[in-house]
Amino acid sequence: MSSPMQGRCLCGAVHYRIEGPFRRFMLCHCSRCRHATGSSHASNLFCKPDQLQWLSGAEQVQRFKLQEAERFGRSFCRTCGAPVPFVSEDGTYVNVPAGSLDDAPGILPQARIFCASRAVWDDASMDAVPCFDAYPVDIS
Ligand SMILES: [Zn+2]
Ligand SMILES: [Zn+2]
């Protein structure tokens, strides 16, 4: 995939650009990622800090470092709370939340990690859950 790619937070205040390619794409089921996303897993793309450029809202980016964790941290928009790229403390990598990209990342997930920490409802039976392109008409 040729670059660049762009992404943003939910409210649009934070807008960024990534000069590809991404190096890794991991789906992480660890409990930290589950709590941080409120979902079954985090979809984490990785690149180097010099590939990231904030286009707007850099001052809106709030960092959060989990004290007891060696590496775990998150960045999010102060206004809408949506995850945005997190530059590691030591400046060696950037974790880009895949869902925040507006463009295709040019890479497919390479691995699911920390699967032992999967939510109990997130197992192989998920493949059998019906898919809809939007809300099904009978949702209540
Ligand atoms: Zn926002
Ligand atoms: Zn994780």
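So, how was this worked out
Residues numbered from 1 in each chain as written. Chains lettered and ligands numbered in written order. Predicted model: local features only at pLDDT ≥ 70, side-chain atom pairs only at ≥ 80, totals over all residues. Heavy atoms only, no water. Salt bridge = Lys/Arg side-chain N within 4 Å of Asp/Glu carboxyl O. Buried < 20%, exposed > 50% of the residue type's maximum accessible area, 1.4 Å probe, protein only. Donors = N, O, S within 2.8 Å, 3.2 Å for Na, K, Ca; no water. Tetrahedral: all angles 85-135°; square planar, octahedral: opposite > 155°, others 65-115°. Helix = DSSP H or I, 4+ residues; strand = E, 2+ residues; numbered from the N terminus. Patch = residues over 30% accessible without salt bridge, like charges linked within 9 Å, V, L, I, M, F, W, Y side chains within 5 Å. Areas by Shrake-Rupley, 256 points an atom, 1.4 Å probe, with all protein chains shown as cover. Pairing = 2+ DSSP bridges. Axes fitted to C-alpha atoms, helices over the stretch in contact; angles between N-to-C directions. Core = buried A, V, L, I, M, F, W, Y, C linked by side-chain atoms within 4.5 Å. Contact = heavy atoms within 4.5 Å.

Asks: Before we move on, can you summarise the pattern of salt bridges with the specific residues and values?
Replies: Considering all chains together, one arrives at four salt bridges under this definition. One salt bridge connects Asp 122 with Arg 118, and the closest N-O pair in it is separated by 4.0 Å. Given a relative accessible area of 27%, Arg 118 falls into the partly exposed group.

Asks: Would you mind going over the coordination of the zinc ion (ligand 1) in detail, with residue names and values included?
Replies: Taken together, the protein donors to the zinc ion (ligand 1) comprise Cys 9 (SG), Cys 11 (SG), Cys 77 (SG) and Cys 80 (SG), at separations of 2.3 Å. Here the zinc ion (ligand 1) is ringed by four donor atoms whose angles at the metal span 106 to 114 degrees, and the overall shape comes out tetrahedral. Of note, the donors binding the zinc ion (ligand 1) are all from one chain and are spaced C-x1-C-x65-C-x2-C. Of this pair, Cys 9 sits in the loop between strand E1 (5-8) and strand E2 (15-18) while Cys 80 sits in the loop between strand E7 (73-77) and strand E8 (83-84), and the two are 71 residues apart along the sequence. For Cys 9, a relative accessible area of 1% corresponds to the buried category. Judged by relative accessible area, Cys 80 falls into the partly exposed class, the value being 26%.

Asks: Please provide a residue-by-residue account of the coordination of the zinc ion (ligand 2), values included.
Replies: Of the protein atoms, only Cys 28 (SG), Cys 30 (SG) and Cys 33 (SG) coordinate the zinc ion (ligand 2), at distances of 2.1 to 2.3 Å. Along the chain, the residues that donate to the zinc ion (ligand 2) are spaced as C-x1-C-x2-C. When its relative accessible area of 4% is taken as the criterion, Cys 28 is described as buried. Residue Cys 30 is classed as buried on the basis of its relative accessible area of 10%.

Asks: Which residues make up a nonpolar patch on the surface, and what are the values?
Replies: Side chains of Val 120, Trp 121, Met 126 and Val 129 sit close together on the surface and give an oily, nonpolar patch of about 440 Å² of accessible area. In this fold, Trp 121 is placed in the segment after strand E11 (111-113).

Asks: Explain the sheet that holds E1 residue by residue, including any values.
Replies: The sheet built from three strands is open, its strands ordered E1-E2-E5 with antiparallel pairing. Looking at strand neighbours, the two that pair on one side only are E1 and strand E5 (52-56), the edges of this open sheet. Shown here is a sheet whose adjacent strand axes are inclined to one another by a mean of 25 degrees, direction ignored. Bridge count for E1 against E2 is four bridges, and the pairing is antiparallel. Looking at E2, one finds that Gln 6 is bridged to Arg 17.

Asks: Can you explain the nonpolar core? Please cite residues and give values.
Replies: By size, the foremost hydrophobic cluster in this structure holds 14 residues, and its most contacted members are Ile 18, Phe 22, Leu 45, Val 96 and Leu 101. Elements represented by at least two residues in this core include exactly E2, strand E3 (24-28), strand E4 (42-47) and strand E10 (94-97). Setting aside residues up to four positions removed in sequence, Val 96 forms contacts with Tyr 16, Ile 18, Phe 22, Ser 43, Asn 44, Leu 45, Cys 47, Pro 85 and Leu 101. One finds Cys 33, Ala 42, Leu 66 and Phe 72 within the second-largest nonpolar core, a separate group that totals seven residues.

Asks: For the sheet that holds strand E9 (residues 86-87), give the residues involved together with the corresponding values.
Replies: Taken in spatial order, the five strands of this open sheet run E9-E10-E4-E3-E11, and their pairing is mixed. Only two strands of the sheet have a single partner each, and these edge strands are E9 and E11. In terms of strand pairing, E3 meets E4 through five bridges, oriented antiparallel. What sits directly across from Cys 28, in E4, is Ala 42.

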